[in-house]
Amino acid sequence: MCGIAGILYRHPEQYQRLGKDLLSLIQPLETRGPDSCGVALYSSQGVPSHLKLLLHDDGNVQWHEVRRWLSQEVSIARSQVTTDMLQLILNLKDQPGLDLNRLCQQLETLFPTVHWASLGQALEIYKHVGSVAALGGKYELAHFVGSHGIGHTRMATESVVNTDHCHPFTASPDLAIVHNGQISNYYKLRYQLEQMGAVFRTHNDSEVIAHYIHYHRQSGQPLEAALDQLLQDIDGTYTILVATADQLALVRDQYAAKPAVIYESKEMVVIVSEYRAFLTLPDFDPTATVREPDAVEVNVWSVSPEMNQQHSAGSPPLTSLHR
Amino acid sequence: MMLEQTTRLQTTIDCTAFTTRAINQQLKDLASSGVKQVDLLNPAGRHNLAVGVQKPIQIRFQGPVGYYCGGLGNGVQIEIEGSCGWSVGENLVAGTITIRGNASANAGASAHGGRICVLGNAGSRAGISLKGATLIVAGNVGHSSAFMMQQGRLIICGDAGANLGDSLYDGEIFVGGSIASLGADARYEPMTDRDWQVLATELQPLGLSPQSSPFKKIVCAQELYHFKARDFTRWKDVY
């Protein structure tokens, strides 16, 4: 059992609420997942050539050594150490073709205790073993300003409990996923994705979802097509939330085995595992639309409101991983 | 022990002030002491409310409730002014639960007796493993409803999702709207005058008219009661 939540605001004047709202939404879901928690937050204030890189360390790494090595590879516009994290802003203006995946892999080889939490123009992922309140306090997330985000409370069923194995998971810049459920063809999918070049960093079955979506988007598919294909290829029980730089998506397995409730008001779209989490929103409107997504239903919401889409899966498979 | 001479017949509990365990203990104590009606304010979608109340009492929730509301009840009369989460009335023994809203998955799971009325829609697996209770849904139900139903009656006034009545053993299902598909070993049965009378008796108290919909009856085909090698593909494809 795990708890998941996602939020997307329809108007920029609401953006200053993101950190506070998302933490409030996952707080009551701690009962579904008491061991760890995490959030992926999207803020789009950056300069186009600037990329945020968040590194986490569970050991005793010397951050100045990491920074020194990184500065030889890439231009660093800004950096800051917050307890067990090093937050960097990379300036790619003069290195537009830099292979960031390779950079992160090299970094993790040189500094084995360091784990890259997130990378992207908008994305920042914060996660830890412990309570939601402690996470918010540690990284001062209550004041985080942004357009959308997803969160998770974890009760581990498949793999070890440590920071790297907490959700959200990422596999590429500005992509994050959270998952409630179990993936039953994990090893097969992992093997296939590794053949395609994916580098797995944990033994958590949910990580495969991030790599799977990245693989399909990389081949040019829009997010909704990738999620339709996911329903064909990924076995098991799942309610999954996916976030990209400008989209929030929800997909539910064919048995609708794991819960989800959607709230849509004029101000926002919110998805949570359990209804009671909505009541933490200060302006929750009980007359707004509250509904449950059906089995195999794919929903995609965009940061720009006119692009909202909702449809049921059923379209023929596109390019695929062969099962 | 002497009972108080002036027993209050009606009382109100604000859920905000108590743990779920304390609320359920109070409900049991009030039922035992002869209180007729309790209003619960601010249930706030909490799970396990009014579970295991074994004596007659009328309980009214002024708002949505979470999972398992009214489960294991025996003789209770529960009204929910709002929607409810998974497994409302799970293992109900006797009494009634009325939901003036929507019910999430597994409504009335394994209920042995009594009556559960969902005045909105119910989610997937409504009436799963129903063991004798009556479950009425004024709206639609999701996929795999009445899965492994063993006894009792499921009345759906709206539409039913895929795999209705999959692997059912016994009992009867009525559907007023469309049916996406029947599950393994479920079959249609012609409606009789007695069936229409049963629908009238069950639906009219809720203000619903059975004659307004072309109700269909579904029962167990009893073809999978015993394993036969020639039915292997049907067994393999069950659920």
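Residues numbered from 1 in each chain as written. Chains lettered and ligands numbered in written order. Predicted model: local features only at pLDDT ≥ 70, side-chain atom pairs only at ≥ 80, totals over all residues. Heavy atoms only, no water.

### Details of the state of the cysteines
And then number 1: Per the stated rule, a full pass over the model turns up 0 disulfides over all chains.
And then number 2: In this structure Cys84 of chain B is not part of a disulfide, and its nearest cysteine sulfur, from Cys69 of chain B, lies 7.0 Å away. (Disulfide = S-S within 2.5 Å.)

### So, the environment of Pro282 of chain A
Residues and elements named next belong to chain A.
And then number 1: Position of Pro282 relative to the elements: it lies in the loop between strand S13 (268-272) and strand S14 (289-291).
And then number 2: Along the sequence, Pro282 and Ser24 sit 258 residues apart, while their C-alpha atoms lie 9.7 Å from each other.
And then number 3: Once you skip the residues sitting within four places of it in the chain, Pro282 turns out to touch Arg17 and Asp21. (Helix = DSSP H or I, 4+ residues; strand = E, 2+ residues; numbered from the N terminus. Contact = heavy atoms within 4.5 Å.)

### Remarks on the sheet that holds strand S5 (residues 85-91) of chain A
Across a sheet, strands are paired by hydrogen bonds formed along the backbone, either parallel or antiparallel in direction.
Residue and element names in this part refer to chain A.
And then number 1: On the basis of which strands lie adjacent, the open sheet formed by 4 strands has the order S4-S5-S3-S6 and antiparallel pairing. Each end of this open sheet is capped by a strand with a single partner; those strands are strand S4 (75-82) and strand S6 (114-120). In this sheet, adjacent strand axes meet at a mean angle of 20° when their direction is disregarded. (Pairing = 2+ DSSP bridges. Axes fitted to C-alpha atoms, helices over the stretch in contact; angles between N-to-C directions.)

### Here we look at the domain arrangement of chain A
Residue and element names in this part refer to chain A.
And then number 1: Assigned domains within chain A: domain 1 (3-44 + 122-312) and domain 2 (47-121).
And then number 2: For domain 1 and domain 2, the distance between their C-alpha centres works out to 24 Å.
And then number 3: Interface area for domain 1 against domain 2, summed over the two sides, is near 1700 Å², with a carbon-plus-sulfur share of 51%.
And then number 4: Interface area lost by domain 1 to domain 2 is led by Tyr139, Asp164 and Arg201, which between them contribute 29%.
And then number 5: Across the domain 1-domain 2 interface, the total number found is 3 salt bridges.
And then number 6: Two residues, Lys138 and Asp84, come together in a salt bridge whose shortest N-O distance is 3.5 Å.
And then number 7: Counting the contacts that link domain 1 with domain 2 gives 12 residue pairs in polar contact (both at pLDDT 80 or more).
And then number 8: The dominant element in the side of domain 1 that touches domain 2, judged by the number of residues it contributes, is strand S7 (residues 123-129), at 4 residues.
And then number 9: Its residues assigned to classes, the side of domain 1 that touches domain 2 comprises 8 nonpolar, 5 polar and 5 charged. (Domains from an automatic or database assignment. Buried area = accessible area lost by both parts, 1.4 Å probe. Salt bridge = Lys/Arg side-chain N within 4 Å of Asp/Glu carboxyl O. Polar contact = N/O pair within 3.5 Å; in protein donor to acceptor, adjacent residues only side chain to side chain. Nonpolar A, V, L, I, M, F, W, Y, C, P; charged D, E, K, R; others polar.)

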